[in-house]
Structure formats: structure tokens, C-alpha cells
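What follows is each chain in one-letter form.
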Amino acid sequence: MKKQLVLLVFSLVVSISLVSCSANDDGPADSDQFLNADVNGVFFNSSNNSAALSFRKDYNSLGTVSLYVRSISDRGEILDFQIDNFTGIGIYRLGDQVYNKNWISYSTHDHDLWAIMPNGAPNDITNFIEITSNSDDRIEGKISCSKLWNEQQSSYAPIEGQFKLNIRL
């Protein structure tokens with residue numbers, strides 16, 4: 001009888017602890033992050049509630065930092081961007097000159113690709129990512145591009161967006 005009582009108490013304690021756990025106990029890395037954008041009139045949404053969203057900082061041997069963001073919407077579109085030589089809050093131009101390695105790409109579930117790759121928009125300063133807030137584990141900012149080119153470089157689409165991302169270690 002004593003053995004059954006101990007087993008019952010143990011079961012109750014485990015059950016209560018499992019039921020009382022919040023779904024958001026993973027800390028700040030899983031809270032309120034998103035990437036939203038209007039890509040040529042189509043709304044792109046990626047958040048913790050809809051699909052995959054990742055952000056990482058890469059440190060190279062020269063001591064510089066690159067940011068890489070990958071987001072996938074619930075409809076399967078992918079929006080990626082990279083900021084090379086990241087230094088904190090500021091505006092980072094995309095593809096405007098030969099030494100600029102920053103880029104952005106957007107692809108649909110039909111495999112249509114729209115992008116500004118390194119040196120892909122020489123002398124065009126209308127394409128940028130602005131970092132408005134930066135901490136060790138979080139960045140916030142805006143995306144503003146007047147010209148994402150398609151694969152044939154024959155037409156382009158504008159993109160405007162905003163993001164709040166937590167670093168994944």
C-alpha cells in the first residue's frame with residue numbers, strides 16, 4: 001500500500017509540473033521575433049508562429065562580423081539576406097559597388113528567384129537594410145529595396161519590410 005501511495009504522489013508531481021510548464025519557457029530566443037515584408041504587392045510573413053526563422057552572426061579570422069538571416073513563410077517563400085562587415089546600428093547598402101558583399105534574395109514556392117547579389121546594382125543607393133537596434137542576441141530593422149531583379153535581369157520588384165530577430169546559437 002505504501003508503494004502505491006509513493007507512486008501516486010510521484011505521478012501527481014510529474015503531471016502537475018508538465019501541465020504547469022509554459023510553451024514559452026525556452027527564453028528570449030523564442031519570443032516575439034518576425035520578418036514581414038511586402039514583395040511586389042505580396043505579403044511575406046515569417047514568425048515563430050508560422051514557419052522557420054533564423055539569424056546568426058559569423059565571426060571570421062579578420063575580426064569582422066557577418067549577419068545571415070533566413071526566413072521561410074507559411075506558404076513556402078524564402079527571404080534571405082546577408083550583411084558583410086556588420087558594425088552595428090546603421091544602413092547597409094545592397095550590391096551598390098564592387099567591394100560590397102551584402103545581398104538579399106526572395107524565392108517563391110514555384111522557384112521564382114528575385115535578388116540583389118553582391119555588385120548587382122552598381123551605384124544604386126536605393127537598396128538597403130537598416131539596423132535600428134542591436135544587442136548581443138537581437139537585431140531589429142527595416143528592409144527597403146526598389147529593385148529586386150529576377151533571374152533573367154529583365155524585370156524587378158520592390159520590397160519593403162521590417163524584422164525583429166533573436167540570434168540562434
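Placed above this text is the structure.
This is a predicted model, so every value here is computed, not measured. (Residues numbered from 1 in each chain as written. Predicted model: local features only at pLDDT ≥ 70, side-chain atom pairs only at ≥ 80, totals over all residues. Heavy atoms only, no water.)

Chemist: What is the right way to read the overall build of the protein chain from this model?
Modeler: Of regular secondary structure, the protein chain possesses one helix and eleven strands. Ordering the α and β elements of the protein chain from the N terminus gives α-β-β-β-β-β-β-β-β-β-β-β. The proportion of buried residues among the 169 residues of the protein chain is 37%. Looking at the protein chain alone, contacts between residues at least 24 apart form 49% of all its contacts between residues at least 6 apart. Here the protein chain has roughly 10,000 Å² of accessible surface; of this, 56% comes from carbon and sulfur atoms. (Helix = DSSP H or I, 4+ residues; strand = E, 2+ residues; numbered from the N terminus. Buried < 20%, exposed > 50% of the residue type's maximum accessible area, 1.4 Å probe, protein only. Contact = heavy atoms within 4.5 Å. Areas by Shrake-Rupley, 256 points an atom, 1.4 Å probe, with all protein chains shown as cover.)

Chemist: Sorry if this is basic, but what is going on with unusual backbone geometry here?
Modeler: Peptide bonds are trans in most cases, and residues, glycine excluded, mostly fall at negative phi. Positive phi is not limited to glycine here, since Asn-40 has a value of about 55°. Residue Asn-85 is not a glycine yet carries a positive backbone phi of 55°. Within the secondary structure, Asn-85 is located in the loop between strand S5 (78–83) and strand S6 (90–93). Accessibility expressed as a relative area gives 40% for Asn-85, which makes it partly exposed.

Chemist: Just to check I follow, could you spell out the side chain of Ser-47 for this structure?
Modeler: In this structure, Ser-47 sits in strand S2 (residues 42–47). We classify Ser-47 as buried; its relative accessible area is 12%. When residues no more than four places from it in sequence are discounted, the contact partners of Ser-47 are Gln-33, Phe-34 and Leu-53.

Chemist: I tried to follow the pairing of S5 on my own but got confused; where do I start?
Modeler: A regular strand carries its side chains on alternate faces of the sheet. Bridge count between strand S4 (residues 65–72) and S5: six bridges; the pairing is antiparallel. Residue Leu-67 lies in a different strand from S5, and its bridge partner there is Ile-83. Bridging between S5 and strand S7 (residues 103–107) involves five bridges; their strand directions are antiparallel. Counted as the bridge partner of Ile-78 is Ser-107 from S7. (Pairing = 2+ DSSP bridges.)

Chemist: So what exactly am I meant to see when it comes to the pairing of S7 here?
Modeler: Summarising burial for S7: five of the five residues are buried, a large majority. Residues Trp-103, Ser-105 and Ser-107 line one face of S7 and the alternating positions Ile-104 and Tyr-106 line the opposite face, and both faces are buried. Note: S7 against strand S8 (residues 113–116), four bridges, orientation antiparallel. Note on S8: the bridge partner recorded for Ser-107 is Leu-113. The turn joining S7 and S8, which pair antiparallel and follow one another in sequence, is formed by five residues; a positive phi near 70° is taken by His-111.

Chemist: Sorry if this is basic, but what is going on with the pattern of salt bridges here?
Modeler: Once the charged atoms of two side chains with opposite charge are near each other, the side chains can pair. Considering all chains together, one arrives at five salt bridges under this definition. Here Asp-80 ties to Arg-70 by a salt bridge, and the two come within 2.9 Å at their closest N and O atoms. Note that Asp-80 is positioned in strand S5 and Arg-70 in strand S4, a separation of ten residues in sequence. By relative accessible area, which is 33% here, Arg-70 ends up partly exposed. Of the charged contacts, one joins Glu-77 and Arg-75 as a salt bridge, the two residues approaching to 2.9 Å between their closest N and O atoms. Ionic contacts of the salt-bridge type, sharing partners, join the residues Asp-32, Arg-138 and Glu-140 into one network. (Salt bridge = Lys/Arg side-chain N within 4 Å of Asp/Glu carboxyl O.)

Chemist: Which parts of the structure should I look at to understand the nonpolar core?
Modeler: Soluble, globular proteins show a tendency: their nonpolar side chains are buried together. The biggest cluster of nonpolar side chains holds 31 residues, and the ones touching the most others in it are Leu-35, Leu-79, Phe-81, Ile-104, Ile-143, Ile-159 and Phe-163. Setting aside chain neighbours within four positions, we find Ile-159 in contact with Ala-37, Asp-38, Val-39, Leu-79, Ile-104, Ile-143, Ser-144, Cys-145 and Leu-148. (Core = buried A, V, L, I, M, F, W, Y, C linked by side-chain atoms within 4.5 Å.)

Chemist: Is there a simple way to explain the environment of Thr-132 in this structure?
Modeler: Within the element layout of this structure, Thr-132 appears in strand S9 (residues 128–135). Between the alpha carbons of Thr-132 and Lys-142 there is a distance of 7.5 Å; along the sequence they are ten residues apart. Once residues lying within four places of it in the same chain are set aside, the contact partners of Thr-132 are Ile-89, Glu-140, Gly-141 and Lys-142.

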